[in-house]
Amino acid sequence: MKKFLLVLSIIVAVSVFSQELVIYTYSSFASGIAQKVLPIFEKQNNVKVKLLSFGDAGNVLARLILEKDQPKADVVIGLDQPLLKRAISEGLLIKFVPENISMIKNKELLDMRGYGIPFDYGAIALVYNTEKINNPPKSFKELLDERFKRKLVVQDPRTSSTGLSFMLWTVAVFGEDGFLDYWKSLKNNILTITPGWDEAFSMLETGEADIMVSYATDGAYSYHEYGSLKYLPVVMEEGAFVQIEYAAIVKGSKNIELAKKFIEFVLSKEFQSHVPLNQWMYPVVEIELPKAYKYAPKIDKVLPFDYSIFEQKGKDWLEKWAEVMIGK
């Protein structure tokens, strides 16, 4: 009998171990909201989640492409519109429509091709230190002013989803024939280019930088985290640029059914209620926002952007951006 129980224990152990979901994401997701929501998912489903982060979202996509022939991830979370489009064109994802997709309040957030499920969204903005900047720029033209010389930190659009969104924001404002001229003019006011959002925000917090590319909810973050409005966002008067982040199932996943359960979980109130104060983005389902969100500016004008053009010309844009900004 003891021998039978030992064998049974081993079988149970192997069975439990096989229920491990591998998720790829970016660093701030792993160190933030993941700490809140993954234990809930693990407990609900009696499984383990192995979470791996690779810096910014651009690096996550690069890892998926590298592993394309032998995928190790079941789910990827954190790809935005252009990165999701690239992942689809590379054949890295499978389609899945969750049963609770009707909970998404704004249908414009949906990926109509059925690969990515939106889990948060927010507008890109310039965020400035109010103790150092008295008169922040209100427009892209004003950002070129001499008074902002070497005060701005931007993220590399080749590795950072925030940086890519900012570059595409300039394309939306100046057009594909004019955005590089704008960057040439902006170069004098850029202090440095960081590989990701985390490094840029660290420079803002330590006082190394006065302005950075971030999100329109950062005023809410400042009020909630510091009890002050030390950091405030500016959404340029030309119009806002909205970033949507998605979760998707990786093609070749070894745990398809568990991956589907996680996608369903992403749209649950257990997950979405943690979005505002951890992701500092807006939830995609109906959730009452924290009081701090009264310091997030209302977005009245959103610039449209055709991501099918990015699919055709994005690689060329990024190469030319690198030539202008880095010289390679």
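Source: prediction; values computed, not measured.

**A look at the domain arrangement of the chain**
Next, step 1: In terms of domain boundaries, the chain breaks down into domain 1 (20-121 + 243-290) and domain 2 (122-241 + 299-326).
Next, step 2: At the junction of the two partners, domain 1 supplies 18 residues and domain 2 supplies 24 residues.
Next, step 3: Here domain 1 and domain 2 share an interface that buries about 1700 Å² over both sides, 59% of which is from carbon and sulfur atoms.
Next, step 4: Per-residue buried area on domain 1 facing domain 2 is highest for Asp56, Gln243 and Trp280; these three make up 41% of the total on that side.
Next, step 5: One can count one salt bridge joining domain 1 with domain 2.
Next, step 6: Two residues, lysine 85 and glutamate 311, come together in a salt bridge whose shortest N-O distance is 3.7 Å.

**Observations concerning the nonpolar core**
Next, step 1: Grouped together as the largest cluster of nonpolar side chains are 92 residues, with contacts concentrated most on Trp183, Phe262 and Phe271.
Next, step 2: Of all the elements, helix H14 (residues 307-325) adds the most residues to this core, at eight residues.
Next, step 3: Of the residues that make up this core, three or more belong to each of domain 1 (20-121 + 243-290) and domain 2 (122-241 + 299-326).
Next, step 4: For phenylalanine 262, the contacting residues outside a window of four places in its chain are Leu21, Ile23, Leu38, Phe41, Val75 and Ile77.
Next, step 5: Ranked by size, the runner-up nonpolar core spans 15 residues in total, among them Ala200, Met203, Met212 and Tyr293.

**Description of the packing of helix H3 (residues 33-45) against helix H11 (residues 256-266)**
Next, step 1: The N-to-C vectors of H3 and H11 enclose an angle of 130°; their axes lie 11 Å apart at closest approach. Here H3 lies oblique to H11, going by the angle between them. Crossing angle aside, the handedness with which H3 passes H11 is right-handed. Contact residues: Val37, Leu38, Ile40, Phe41, Gln44 and Asn45 in H3; Leu258, Lys261, Phe262 and Phe265 in H11.
Next, step 2: Residues belonging to the contact of H3 with H11 are distributed by class as follows: seven nonpolar, two polar and one charged.

About the criteria used
- Residues numbered from 1 in each chain as written.
- Predicted model: local features only at pLDDT ≥ 70, side-chain atom pairs only at ≥ 80, totals over all residues.
- Heavy atoms only, no water.
- Domains from an automatic or database assignment.
- Contact = heavy atoms within 4.5 Å.
- Buried area = accessible area lost by both parts, 1.4 Å probe.
- Salt bridge = Lys/Arg side-chain N within 4 Å of Asp/Glu carboxyl O.
- Core = buried A, V, L, I, M, F, W, Y, C linked by side-chain atoms within 4.5 Å.
- Buried < 20%, exposed > 50% of the residue type's maximum accessible area, 1.4 Å probe, protein only.
- Helix = DSSP H or I, 4+ residues; strand = E, 2+ residues; numbered from the N terminus.
- Axes fitted to C-alpha atoms, helices over the stretch in contact; angles between N-to-C directions.
- Parallel < 35°, antiparallel > 145°, perpendicular 65-115°, else oblique.
- Left-handed = near helix turned anticlockwise from the far one by under 90°.
- Nonpolar A, V, L, I, M, F, W, Y, C, P; charged D, E, K, R; others polar.

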